[in-house]
Structure formats: C-alpha cells, structure tokens
There are 2 protein chains.
Amino acid sequence: MNATADRILDVGQELIQTGGFSAMSFQDIASEVGIRKPSIIHHFPTKAELGVAIIRRYRDTFASQLQQISKDPAKSSWDALEFYFSPFLFLASTPDKVCLCGALAGEIPALPEVMRVEVKQFIEAHQRWLEEILREGVELGELVLIDSPKSLSRVIFNSLQGSLLVRRSTEDVSQLKDLINAMRKLVKSDSSIQQIR
Amino acid sequence: MNATADRILDVGQELIQTGGFSAMSFQDIASEVGIRKPSIIHHFPTKAELGVAIIRRYRDTFASQLQQISKDPAKSSWDALEFYFSPFLFLASTPDKVCLCGALAGEIPALPEVMRVEVKQFIEAHQRWLEEILREGVELGELVLIDSPKSLSRVIFNSLQGSLLVRRSTEDVSQLKDLINAMRKLVKSDSSIQQIR
DNA sequence: TGTAAACTACCGAACGGTAGGTAGTTTGTC
DNA sequence: GACAAACTACCTACCGTTCGGTAGTTTACA
C-alpha cells in the first residue's frame, strides 16, 4: 500500500548507513526513489521526522526478532548471543556500511533533538538486551564470563560499534570477523575453561 | 610566532572533537578566534588542508610523547599501556567530546580524499603502537593476555572508540571508566592469574 | 446513482539561509 | 617599499522548506 513511503525509508536508511544523516539529502533520496523532492516532504514533513521514522522502524523490527528468539525454549543463551552478532557479521561483507545506531551515534551533536532522544533509547535497548543474554547465560550455567555481565556487555557493544567505524577507514575487512571471534573467547560456553575472578 | 595559525588549529580541533568536521565551519572558527572568515583561508587555503594540518599536528605530538615513554628504561609495558589509556581517561571528564581520530572515522564518507588518507594512517599508527606494547609486554613476561596481542589490541582500540561515541548519546559518564577497568582485566600484570589459551 | 467535497500523491518554482571559496583593498611591521 | 595579515564585499552551490497548483481516487449524502 504505502509502497512509496517504504521505499523512502529503505533508501534513507541505506544512505544513513553509508554516509550519515547530515550527508543524506532529500534530493539524494528523491533521485534514487524516482520522485521529486517535495513528494518526500508530503510523506515525511521534515527531515527530522523522516529520521525518527527510520529509527523506529529499525528498532521495532529488531525488537520483534529479539522477542522470537528469547521465547524459544530450544535456543540457548549461546544461540541468542550468536543471533546478536549476526547483523554485524552480515555487515562484515559490506565494507562501507555501518550499523544504523552507530552511524547516528557518530553524529549526535548534529542531530535534531527528537532524533537524539530516539537514538539514546535505541542504544540503551541494545545494551540492556545484550546484558540480559549474558546475565541469563551465567544464571543458567550456560556461559562463563571473563567479567561481569554489565561490564562485558559494554565491552562487546562498544567494540562492535567501534570496529564498524574504524574499519571504514582502515579498509581492513577481516578486522570485524576477528573481533567477533575475540568476543566469543570472552564468553565461553565451555565450562572447563578457568574463570577469572 | 604563528599565534593565529595555532589558535585556528586549536579551535578547529576542538570543534571537530565536539561536533565533527562537517559541522565545523570557517565561520565558527573565525568567531571563536576573533577574526573574519577569509583570514582563516589566508592561513589554510581550503577546509581540507586545515583538516589535514589538524590531524598531522595531533599525530606528531602523540608520536613524540610515544617515543619518550617507550625509550625510558624505567617504564614497564604496563606503564606504557596506562599512558595509552590516559587521553581517554581525560576525555572521560568531558562528556561531549570524543577523540580526534574517532570523530573523523565517524564521518569518513563525507571527508575529502586527502583527509581520508590521513585518518587511515593515523588509526593504523594507533593500532600498531598498542599492538607493540602488548607484544613486547608478553615477550618480557610483564603482561599476560587473554588473547593474541594483535587481536586484543583491536578489541581495546575499537571498544575505546566505540565507547566514546556511544557515551555521547547515552550520557552515561561512568561507562568509559568502567570500560577501561574492564580492559585492564584483559591485560594482567599479575602473573599468578591463570592464562586462558 | 449522481455529484460535489475531501483526500492522496505528486509536481515546478522559489525562498531564506549557510556553506566554502574568490577578488581586491587596507593595515601594520621589518 | 615589501610583504604578510587582516579586512570588506561578493560569488556559486546547495540545503531544507514553503507555496500554489494538478491530477486521480475516495467519501458523503440527497
């Protein structure tokens, strides 16, 4: 139904992930979608509202996928963690793209206030979820951590974000995959490994 | 001597670290320094050249501090690592500022080509140096690592960069200090700690 | 069922503002 | 007098946004 609005969101998100929100212009989106600039404003009255719509759609999609896997009794904490890594592993094959929240976090000062609020909530949700996976894994005896769930969830989240950003300038494509492997070492499912206090 | 040029570089760097290169304008710098816009262009003909000058000055300063500490026989690898963390600990008390290379890495696609080259070299130098501290620490028996020097240096560098970026939106000021503590746990100077293979 | 009102999707043209950058001129100091 | 440093004035390009208007579809009601 809202085919045009969806395409605008698709193209907009792609442009944010490759070039950032500030660099994304209505003109760029219009050219890609095949309509004129004011037609975008018909669907999304301001650039800020378009930005908010893109974030909300992404977050909602992610949240529902999240729900699905955490409610599945056949999935372990390790599976959940691997699921958390999967979008980043996918990004590892698209050298010039970063994840949406990382791209937006990188230009927080230049963002309209409404978007800053949205980005903050988005990042906090990500961190909470990862922390919960780790905490539950420890409680169930499925995971052995090198550090506290809270501290380790920050390390993993921050290094994933940092890696995506840094990778774009170093053009070292293997770095992201290496990093995820390193993260797996910090979270052991093999309980024979000695835990560091 | 070049008092004005230096002030332009100072203000420019400050603006990049707080708002990014794209958001920084000649007008902003001029207002802060107390001169007119074309006077900046007199010292730095293009915005790209100003950007390159800022990066080069930062890198050269950092490199010489780096030389000093690594040549001092009284300093251990652990001291060198703490020195590496020190600028980040300083940034921990300035909530809206990120480090220069992180700010620039975040907007690589929007940067002029000459600056992209400079940023790439800057980041690679940082990573190489950190890796060298760790490698030397292991060889001297001063450090016990949770992972290989190369892999761990990436984890530390990426998570520091990511943390600065993320922190600006979450406004969680303690997160950076927590992270550095977590990093210290991944690199142990206490050899009684069991090393994970 | 006919028809007028309302709505949706889109368009061309233009506005106010800001960006980086240029040309030419004045000022201050060896 | 030479020259660097600073100035005023101006340019082009592009940004998000607004305006006025055009089709085509849907809705409301006599």
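Preceding block: the structure.
Residue positions within a chain follow its written sequence, with the count starting from 1. Just so you know, chain letters begin at A and ligand numbers begin at 1, following the order they were written in. Where local features are concerned, this predicted model is filtered to residues with pLDDT of at least 70; where side-chain atom pairs are given and counted, the filter is 80 or more; whole-chain, interface and lining totals use all residues. Excluding hydrogens and water, the side-chain figures rest on all heavy atoms present in the structure.

> Would you take a moment to explain the overall build of chain A for this structure?
Each helix and strand counted, chain A has nine helices and two strands in total. Along the three orthogonal principal directions, the C-alpha set of chain A runs to about 60 × 35 × 30 Å. The 197 residues of chain A split such that 50% are buried. Sequence-distant contacts in chain A: of pairs separated by 6 or more residues, those separated by 24 or more amount to 71%. When the accessible surface of chain A is split by element, carbon and sulfur atoms take 50% of a total near 9,100 Å². Labels follow the DSSP assignment, with helices taken as runs of H or I lasting at least four residues and strands as runs of E lasting at least two, numbered in each case from the N terminus. The rule is simple: take the accessible area with a 1.4 Å probe, protein chains only, and divide by the maximum for that residue type; under 20% is buried, over 50% is exposed, in between is partly exposed. Working rule for contacts: check all heavy atoms of both residues, and any pair within 4.5 Å makes them a contact. Surface exposure here means Shrake-Rupley accessible area, sampled with a 1.4 Å probe, where a residue is shielded only by the protein chains that are shown.

> When you look at the protein's contact with DNA strand D in this model, what are you seeing that I'm missing?
Note on terminology: near, applied to a residue and a molecule or strand, indicates that one of the residue's heavy atoms is within 4 Å of it. The environment of DNA strand D is made up of 15 residues, and the closest members are K47 of chain A together with R36, S39, H42 and H43 of chain B. Looking at DNA strand D alone, sugar and phosphate atoms form 60% of those within 4 Å of the protein. Measuring from a base nitrogen of DNA strand D, one finds a side-chain N or O atom of K37 of chain A at 3.3 Å. Within the backbone of R36 of chain B, a nitrogen or oxygen atom sits 2.6 Å from a phosphate oxygen of DNA strand D. At the level of secondary structure, the elements contributing two or more residues to the surface near DNA strand D comprise α3 (37-43) of chain A together with α3 (37-43) of chain B. N or O atoms closer than or at 3.5 Å make up a polar contact, with two conditions inside protein: a donor-capable atom paired with an acceptor-capable one, and, for residues adjacent in sequence, both atoms drawn from side chains.

> In this structure, what is going on with the protein's contact with DNA strand C? I would like to understand it.
Lining the immediate environment of DNA strand C, one finds 15 residues, of which R36, S39 and H43 of chain A together with K37 and K47 of chain B sit closest. The protein-proximal atoms of DNA strand C, defined as those within 4 Å of the protein, are 59% sugar or phosphate. One of the side-chain nitrogen or oxygen atoms of S39 of chain A is found 2.6 Å away from a phosphate oxygen of DNA strand C. H43 of chain A places a side-chain nitrogen or oxygen 2.7 Å from a phosphate oxygen of DNA strand C. Contributing elements (two or more residues each) for the surface near DNA strand C: α3 of chain A together with α3 of chain B. Of all the elements, α3 of chain A adds the most residues to the surface near DNA strand C, at four residues. All amino acids are sorted into three groups, where Ala, Val, Leu, Ile, Met, Phe, Trp, Tyr, Cys and Pro are nonpolar, Asp, Glu, Lys and Arg are charged, and the leftover types, Gly among them, are polar. Per-class residue counts for the surface near DNA strand C are six nonpolar, six polar and three charged.

> Help me understand the packing of helix α5 (residues 77-91) of chain A against helix α9 (residues 174-186) of chain A in this model?
When two helices pack together, their arrangement is given by the angle between the helix axes and the distance between those axes. All names here are of chain A. Running from amino to carboxyl end, α5 crosses α9 at an angle of 170 degrees, the nearest separation of the two axes being 10 Å. Looking at the two axes, α5 sits roughly antiparallel to α9. Crossing of α5 against α9: the hand is right-handed. Residues W78, E82, F85, F88, L89 and L91 of α5 pack against L176, K177, I180, M183 and R184 of α9. Grouping the amino acids of the contact of α5 with α9 by side-chain chemistry returns eight nonpolar, no polar and three charged. Orientation is described by lines fitted to C-alpha atoms, with helices fitted over the stretch in contact, and by angles between N-to-C directions that extend from 0 to 180 degrees. If an angle is under 35 degrees, it is roughly parallel; if it is over 145, roughly antiparallel; if it lies from 65 to 115, roughly perpendicular; otherwise it is oblique. In a left-handed crossing the near helix is turned counterclockwise from the far helix by less than a right angle, and in a right-handed crossing that turn is clockwise.

> What exactly am I supposed to notice about helix α2 (residues 26-33) of chain A here?
The periodicity of an α-helix, 3.6 residues per turn, causes residues three or four places apart in sequence to face the same way. Residue and element names in this part refer to chain A. Of the residues making up α2, those classed as buried are F26, I29, A30 and V33. Taken end-on, α2 shows its buried residues confined to a sector of 100 degrees, consistent with a single buried face. Among the exposed residues of α2, those pointing more than 90 degrees away from its buried face are S31 and E32. Along its buried surface, α2 packs onto α1 (3-19), α3 and α4 (47-71). Just downstream of α2, G34 is the residue with a positive phi angle, here 95 degrees. Within this analysis, the arc is defined by the directions that extend from the helix axis to the C-beta atoms.

> What is the right way to look at the interface of chain B and chain A in this model?
One widely used convention gives an interface's size as the accessible area the parts lose upon coming together. Listed by partner, the interface residues are 39 residues for chain B and 39 residues for chain A. When two parts are brought into contact, each loses some accessible area as probed by a 1.4 Å sphere; the total of that loss over both is the buried area. Together, the buried faces of chain B and chain A total about 3,400 Å²; carbon and sulfur atoms form 65% of this surface. Whenever Lys or Arg places a side-chain nitrogen within 4 Å of a carboxyl oxygen from Asp or Glu, that contact is recorded as a salt bridge. Scanning the region where chain B abuts chain A turns up one salt bridge. We note a salt bridge from D147 of chain A to K185 of chain B, for which the minimum N-O separation is 3.1 Å. Run the count over chain B and chain A and you get five residue pairs in polar contact (both at pLDDT 80 or more). Listing elements by their share of the side of chain B that touches chain A, those giving two or more residues are α1 (3-19), α6 (100-105), α7 (113-139), α8 (149-170) and α9 (174-186) of chain B. In terms of residues, the side of chain B that touches chain A owes the most to one element, α8 of chain B, which gives 14 residues. For the side of chain B that touches chain A, the residue count by class is 16 nonpolar, 15 polar and eight charged.

> Please clarify how the relation of the copies chain B and chain A should be interpreted in this entry.
Here the copies are superposed with least squares, the fitted atoms being C-alpha atoms of residues at a pLDDT of at least 70 in both. Aligned on chain A, chain B shows an RMSD of 0.1 Å; the corresponding rotation is 180 degrees and the shift along the axis is 0.0 Å. Such a combination of rotation and displacement between the chain copies is what one expects of a two-fold axis. Counting the interface residues of chain B, we find that 100% of their copies in chain A are interface residues as well, pointing to one common contact surface.

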